[in-house]
Amino acid sequence: MYIEVVPNRRSRPAVLLREGWREGTKVCKRTLANLSDWEPHRVNALAAVLKGQSVVGNIESAFEIVRSRPHGHVAAVLGTLSRLKLDQLVARSHSRERDLCVAMIAARLLSPVSMLAITRGLSAETLESTLGELLGVEDADEDECYAAMDWLLGRQGAIEDALAKRHLSEGALILYDVTSTYFEGHACPLAKLGHSRDGKKDKLQIVIGLLTNSDGCPVAVEVFEGNTGDPKTVASQVRKLQQRFGLKRVVLVGDRGMITDARIREDLSKAEGVDWITALRAPAIAALVEGGALQLSFFDERDLAEISDPSYPGERLVVCKNPLLAKERGRKRGELLAATERQLEAVAKAVARAKRPLRGKAQIGLRVGKVMGRFKMAKHFKMTIADDSFQHERDEAAIAAETALDGIYVVRTTVVAERLAAEDVVRSYKSLANVERAFRSLKTVDLHIRPIHHHKAER
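Residues numbered from 1 in each chain as written. Predicted model: local features only at pLDDT ≥ 70, side-chain atom pairs only at ≥ 80, totals over all residues. Heavy atoms only, no water.

**Student:** Whenever I open this one, a positive patch on the surface confuses me. Can you help?
**Tutor:** There is a patch of like positive charges on the surface, built from Arg 353, Lys 355, Arg 356, Arg 367 and Lys 370. Examined against the element boundaries, Arg 356 turns out to sit in the loop between helix H12 (323-352) and helix H13 (361-375). Given the relative accessible area of 70%, Arg 356 is considered exposed. (Patch = residues over 30% accessible without salt bridge, like charges linked within 9 Å, V, L, I, M, F, W, Y side chains within 5 Å. Areas by Shrake-Rupley, 256 points an atom, 1.4 Å probe, with all protein chains shown as cover. Salt bridge = Lys/Arg side-chain N within 4 Å of Asp/Glu carboxyl O. Lys, Arg positive; Asp, Glu negative; His and termini not counted. Charge placed at Lys NZ, Arg CZ, Asp CG, Glu CD. Helix = DSSP H or I, 4+ residues; strand = E, 2+ residues; numbered from the N terminus. Buried < 20%, exposed > 50% of the residue type's maximum accessible area, 1.4 Å probe, protein only.)

This is the structure in structure tokens:
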């Protein structure tokens, strides 16, 4: 590039920024900008820069910034994706669809927004960064991006297979958990009324299952209807590990609500080469105490012990006590009991008041049911309901029995001691926190996928 001054008869000469190149023996040039309205010192400064000369004075005063395209954060994200070979994971060969998918992934990391906002950020006219230009997709619209998502769906199996080869190995410890998020609208066949983990009970839900390695690195994801129970998703994951990923031996780790007795009996016990680690629910722990297999004196000197019980043949039971957890559960129970008592006392006053008292066993029971449904403390209260009276008191024996088990949890597994020591069994179960961390990244911290607006189940 160079500056050229073109005489203009009796008018001021035209000052043009031009670019020149050679085509064979012919010299070609074109005008990039008309600088005729620039002050002479600005033109001279630019000409010196183009010639590689030093500029006297403050060069910043010679230029006016008309538009700035943020680039540093884009370079950081694209550089990381390249180092992880994510583009090669999406598809080995270069294509328009691959570039669009990489652009959408990067855009989601940079600023989680809608698809329409993403395409606006890529466009040359409304860009927010250099992302669209670097990937050559600045002319993409939302329809093309949606088409690229559909193309990516066909690649999901191959991507998960590649991730499994990279992060899983024979006999690997595999973490599995599910979460849910709410859906806006009514058009998606996956969206159903179900358990809401986001406090949106009035919204349709979509359930997401995630398989990771022991460090919490995601390997495979699957989406289920919003009214699917957690245990119902286990069988498909076992098939995926054995049939898709070709793993002969695995150790599946799931929480107590995921790997239930029914799942163990119907799915896991029939899957050859699949061991598992989970935990017992509170009633099962209480049954161990009543049967004598679990004695609270175990924890007088240490916080971990391994026991056995005829109810769990072929399994190892590792009992732990966490004093900090015990203290926290005691604090929370005390607050819930106090809050429940206050609400129940309000019901009692409504029954006993002289003016328009609350009457009828059904009506009083309905009001009490709302209180118990809110605080979940019915097991700790004794209540007597009549047509014109209501009495309540704490069940101190039930409270004391539960308090004695505060901080105690029992991890159950089929992994033999030669392969995993008791401490390692507990450590493996606690690693489920890595999946929870991945869910937080997915839903709140990084990607902000909630609420879901896609109407097509495949998307």
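And the narrative resumes.
**Student:** Mind showing me how you'd approach the pattern of salt bridges here?
**Tutor:** A side chain of one charge can pair with a side chain of the opposite charge when the charged atoms of the two come close. If you walk through the whole model with that rule in mind, you get 27 salt bridges. One salt bridge connects Glu 160 with Arg 244, and the closest N-O pair in it is separated by 2.8 Å. Of this pair, Glu 160 sits in helix H8 (residues 156-167) while Arg 244 is found in helix H9 (residues 234-244), placing the two residues 84 residues apart along the sequence. With a shortest N-O distance of 2.9 Å, Glu 402 and Lys 379 are connected by a salt bridge. Placement of Glu 402 in helix H14 (residues 396-404) and of Lys 379 in the loop between H13 and strand S11 (381-385) is noted, with a sequence separation of 23 residues between them.

**Student:** Got a minute to help me understand the layout of surface pockets in this structure?
**Tutor:** Where empty space is left in the structure can be found by rolling a water-sized probe over the atoms. Taken as a whole, the second largest pocket holds about 480 Å³ of empty space. Along its surface, the second largest pocket is lined by 21 residues, and Ala 282, Pro 283, Ala 286, Glu 402 and Leu 405 are the ones closest to its centre. Of all the elements in the fold, those that place two or more residues in the lining of the second largest pocket are helix H11 (282-291), H12, H14 and strand S13 (408-413). When residues in the lining of the second largest pocket are grouped by element, the largest group, six residues, is from H11. Among the residues forming the lining of the second largest pocket, the class breakdown is 12 nonpolar, one polar and eight charged. (1 Å grid on protein atoms, 1.4 Å probe; cavity = no way out; pocket = protein on both sides within 12 Å on 5 of 7 lines; lining within 4 Å. Points joined across faces, edges and corners; volume = space filled by probe spheres on them. Nonpolar A, V, L, I, M, F, W, Y, C, P; charged D, E, K, R; others polar.)

**Student:** Any chance you could explain the environment of Leu 447 here in plain terms?
**Tutor:** Looking at where Leu 447 falls in the secondary structure, it is placed in the segment after helix H16 (433-445). As a C-alpha pair, Leu 447 and Pro 112 span 335 residues in sequence and 5.8 Å in three-dimensional space.

**Student:** Would you explain the environment of Lys 349 in this entry?
**Tutor:** Relative to the assigned elements, Lys 349 resides in helix H12. Taking the C-alpha atoms as reference points, Lys 349 and Phe 390, 41 residues apart in sequence, are found 9.1 Å from one another.

**Student:** Just checking my understanding: could you explain H16 for this structure?
**Tutor:** Count 3.6 residues to each turn of an α-helix, and residues three or four apart come out pointing the same way. Taking 1.5 Å per residue as the helical rise, H16 with its 13 residues ought to reach 18 Å, whereas the 15 Å between its terminal C-alpha atoms falls clearly short. The complete set of buried residues in H16 reads Asn 434, Val 435, Ala 438, Phe 439 and Lys 443. Turning to H16, the residues buried within the fold contact strand S4 (172-183) and strand S5 (204-212). (Expected span 1.5 Å × (residues − 1). Contact = heavy atoms within 4.5 Å.)

**Student:** I'm lost on the pairing of S5 in this one. Help?
**Tutor:** Along any regular strand the residues' side chains alternate between the sheet's two faces. Burial analysis of S5 places nine of its nine residues in the buried class, which makes it a mostly covered element. Residues of S5 alternate between two faces, with Leu 204, Ile 206, Ile 208, Leu 210 and Thr 212 on one and Gln 205, Val 207, Gly 209 and Leu 211 on the opposite face, all of them buried. Of the pairings in the sheet, the one linking S4 to S5 comprises nine bridges and is antiparallel in character. Of the residues in S5, the one forming a bridge with Leu 175 is Thr 212. Of the pairings in the sheet, the one linking S5 to strand S6 (residues 218-225) comprises seven bridges and is antiparallel in character. Looking across to S6, one finds that Ile 206 is bridged to Glu 225. Hairpin connection between S5 and S6: a loop of five residues separates the two successive antiparallel strands, and Gly 216 in this loop has a positive phi of roughly 85°. (Pairing = 2+ DSSP bridges.)

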